[in-house]
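For reference, the chains in residue letters:
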Amino acid sequence: MLPPASAGTFAGYGVDVRVSLGEPAAPDPELPLPGLIAGWLRERAGASSVAAHLLEPAAPADRCARWGADLDRSTGSAPTGLLVLADGTDCRDERSPRPVDDRAAPLDERIGTALAEADAAALRDLDPALAELGVRGRAALQTMPGVVAASGARWHAEPLHSAAPFGIGYHVAVWSRLG
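Residues numbered from 1 in each chain as written. Predicted model: local features only at pLDDT ≥ 70, side-chain atom pairs only at ≥ 80, totals over all residues. Heavy atoms only, no water.

**Topic: the pairing of strand β3 (residues 155-163)**
Okay, step 1: Taken together, the eight bridges between β3 and strand β4 (residues 170-177) define a ladder with antiparallel strand orientation. Opposite His-156, over in β4, you have Ser-176 as the bridge partner.
Okay, step 2: Count of turn residues in the β3/β4 antiparallel hairpin: six residues, of which Phe-166 carries a positive phi of about 60°. (Pairing = 2+ DSSP bridges. Helix = DSSP H or I, 4+ residues; strand = E, 2+ residues; numbered from the N terminus.)

Written out as structure tokens, the structure reads:
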């Protein structure tokens, strides 16, 4: 977990934009990208703090779901937002950073559809071996079934973006509890 006292900079990505997860601190040049994005979004949303949890990329699906369920239970009745950062494939076409793999586009479509339809079962059923197609955030995606199950609620999805610029899959959706 990255606590609210964590801070970093996007300098390693070409621009020295400093962010924190809550408390002002000297920027850590090694703060992982999910922590940087969480800090940047925290500031834009006006939230006082955020804790970022990082999962092992190779974590099994059932462990990811248990972690998601524990995360949901740990928030209690406090107003909480959940941001899941997960890459799509990175081998879709000739613009990709890796050689093209014909399995990439169908996998990105499956991930995009699951996120757009709040389909936790489809995320749960992603094959961990498909992470070899660049889906480094597969473990993060597989926390969502645990969050959904623990909440006992129905969920609504609002798809915001699904595309593959530069041959890399990117998907954005907002999931909201309905009950």
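Still more to cover.
**Some details on unusual backbone geometry**
Okay, step 1: For Ala-118, which is not glycine, the phi dihedral falls at a positive 50°.
Okay, step 2: You can see Ala-118 is positioned in the loop between α3 (104-116) and α4 (120-124).
Okay, step 3: By relative accessible area, which is 17% here, Ala-118 ends up buried.
Okay, step 4: Positive phi, normally seen in glycine, also occurs at Phe-166, with a value near 60°.
Okay, step 5: Note on placement: Phe-166 falls in the loop between β3 and β4. (Buried < 20%, exposed > 50% of the residue type's maximum accessible area, 1.4 Å probe, protein only.)

**Quick word on empty space enclosed by the protein**
Okay, step 1: Under the definition given, this model contains one cavity of 30 Å³ or more.
Okay, step 2: Approximately 40 Å³ is the volume found for the largest cavity.
Okay, step 3: Leu-107, Ile-111, Leu-126, Asp-127, Leu-130, Ala-131, Val-135 and Arg-138 together form the lining of the largest cavity.
Okay, step 4: The class makeup of the residues in the lining of the largest cavity is six nonpolar, no polar and two charged. (1 Å grid on protein atoms, 1.4 Å probe; cavity = no way out; pocket = protein on both sides within 12 Å on 5 of 7 lines; lining within 4 Å. Points joined across faces, edges and corners; volume = space filled by probe spheres on them. Nonpolar A, V, L, I, M, F, W, Y, C, P; charged D, E, K, R; others polar.)

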